[in-house]
Amino acid sequence: MRWCPISVLHLLRFVRSHSCTRRGKNRLPPWIRETWAYLRLLVQSLCFNSLTDSDVVFDSVFEPVFWTVDYVTRWFGTVFVCLVVILTSSILVIAYMVLLPLVLNTYSPPWIAWHICYGHWNLVMIAFHYYKSAKTSPGFLPTEKNDSPFVAVCKKCIMPKPARTHHCGICNRCILKMDHHCPWLNNCVGHFNHRYFFSFCLFMTLGCVYCSVSGRNLFLDAYNAIERFKHLDMEKPGVPVTGMGPLIGLLPPGQTNYQTPAPQYTFKEKMINKSIIYMWVLTSTVGVALGALTFWHAVLISRGETSIERHINSKETKRMTKRGRVYKNPFNYGRLNNWKIFLGVEKTSHWVTRVLLPSGHAPHGDGLTWDILPIKKDLMPV
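No experiment lies behind these values; they were computed from the predicted model shown.

Undergrad: So what's going on with the packing of helix H5 (residues 109–135) against helix H6 (residues 194–214)? Which residues, and what values?
TA: Two numbers describe how H5 lies on H6: the axes approach to 8 Å, and their chain directions differ by 150 degrees. In terms of their interaxial angle, H5 and H6 are classed as roughly antiparallel. Seen from above, H5 lies across H6 with left-handed handedness. In this structure, H5 contributes His115, Tyr118, Gly119, Trp121, Asn122, Met125, Ile126, Phe128, His129, Tyr130, Lys132 and Ser133 to the contact, and H6 contributes Arg195, Tyr196, Phe197, Ser199, Phe200, Phe203, Met204, Leu206, Gly207, Tyr210 and Ser214. Of the residues assigned to the contact of H5 with H6, the class counts are 13 nonpolar, eight polar and two charged.

This is the structure:
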């Protein structure tokens, strides 16, 4: 009775060792086994715990796409900055070489003074805020240990994140009070350069609207001039010859009209008209597009939130509504207070020295800690 189980056991051991030997001979290459193990791990990670939802699955599946977009945006940042400089410089060349002589010859002295003063003030504000928004650090997490409160741990940096801090995949760092990554600046928009970015958008919009409105009549004249000379080139101008003209050989045989020379349309006039059309079309297009973006950011600033927080607060509002509760943004201090904090206005004179004139003052706070509602009084009384 004991012999049979022992024999069967030896037989099973022999079959197992023989199958393992055969399996070892037919093993797949290491890179295939590693790829298969990685894919299995990815699939299992989608069902890791009960907190997995559609957002987690979407982020995991499209991670290669996000990485590609981040890489391309990071590489094209310098190209976009050069494009901004080139387009702005082209408008300045047209303004100084084409429009300024026309203004000096046709406008009255008060209008000349207005255009020169406003145009140069707007130009200084645009150049200053663009340079500061592109060169100023948006604000990064401190590398040394500190006691600042945090609300989460970044899964990419493995660093504690304070409130309103988010990770930028393009910069590959956590940004304090991150709004978005702007390819036109080749920089993130965060706590320390958010004001510069908004001011640049605002003054660039004002400059484009100024060029579009003041150059409307010049644009219409230039467009009509080009169209008029196109028709003159297609038509053959001439004066009919009658009476004794054909008999005395004034015209060649078979020709009844005396060809008059076309009006002179020099290359310089053609380039001036095309430059005016180019300037008006470009400034009008940028004014509309950038004006919409500026208005949207002004609404967000009035609400005390960034572009990322707008998305988060919207989801949080829907979630709280389903529970029968009302969600309030803890960083909304009221419209006037939000603008005071954002612009750094601490007294009445700052509306001129810090808003209407170039100013490099630091924003309110350090970006690591924030005051939370409710607040009964002005944070920055004026």
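Undergrad: How would you sum up the side chain of Ser90? Please name residues and give values.
TA: As for its placement among the helices and strands, Ser90 is situated in helix H4 (residues 63–106). A polar contact of 2.5 Å, which involves the side chain of Ser90, links it to the backbone oxygen of Leu87. Here Tyr278 takes part through its side chain, which lies 2.9 Å from a polar atom of the side chain of Ser90.

Undergrad: Outline the environment of Phe192, supporting the account with residue identities and numerical values.
TA: Mapped onto the elements of the fold, Phe192 is located in the loop between strand S6 (187–189) and H6. For the pair formed by Phe192 and Pro363, sequence separation is 171 residues and the distance between their alpha carbons is 6.2 Å. When sequence neighbours within four positions are dropped, the list of residues in contact with Phe192 reads Thr136, Ser137, Pro138, Gly139, Leu176, Pro363 and Asp366.

Undergrad: Outline unusual backbone geometry, supporting the account with residue identities and numerical values.
TA: The phi dihedral of Ile158 is positive, around 55 degrees, even though this residue is not glycine. Inspection of the secondary structure assignment puts Ile158 in the loop between strand S1 (152–153) and strand S2 (160–161). Classification of Ile158 by relative accessible area gives exposed; the value is 59%. Backbone geometry places Asn186, a non-glycine residue, at a positive phi of 55 degrees. Among the residues examined, Asn186 registers a relative accessible area of 33% and is labelled partly exposed.

Rules behind the numbers
- Residues numbered from 1 in each chain as written.
- Predicted model: local features only at pLDDT ≥ 70, side-chain atom pairs only at ≥ 80, totals over all residues.
- Heavy atoms only, no water.
- Axes fitted to C-alpha atoms, helices over the stretch in contact; angles between N-to-C directions.
- Helix = DSSP H or I, 4+ residues; strand = E, 2+ residues; numbered from the N terminus.
- Parallel < 35°, antiparallel > 145°, perpendicular 65-115°, else oblique.
- Left-handed = near helix turned anticlockwise from the far one by under 90°.
- Contact = heavy atoms within 4.5 Å.
- Nonpolar A, V, L, I, M, F, W, Y, C, P; charged D, E, K, R; others polar.
- Polar contact = N/O pair within 3.5 Å; in protein donor to acceptor, adjacent residues only side chain to side chain.
- Buried < 20%, exposed > 50% of the residue type's maximum accessible area, 1.4 Å probe, protein only.

Spatial relationships are all this shows, so hold off on functional conclusions.
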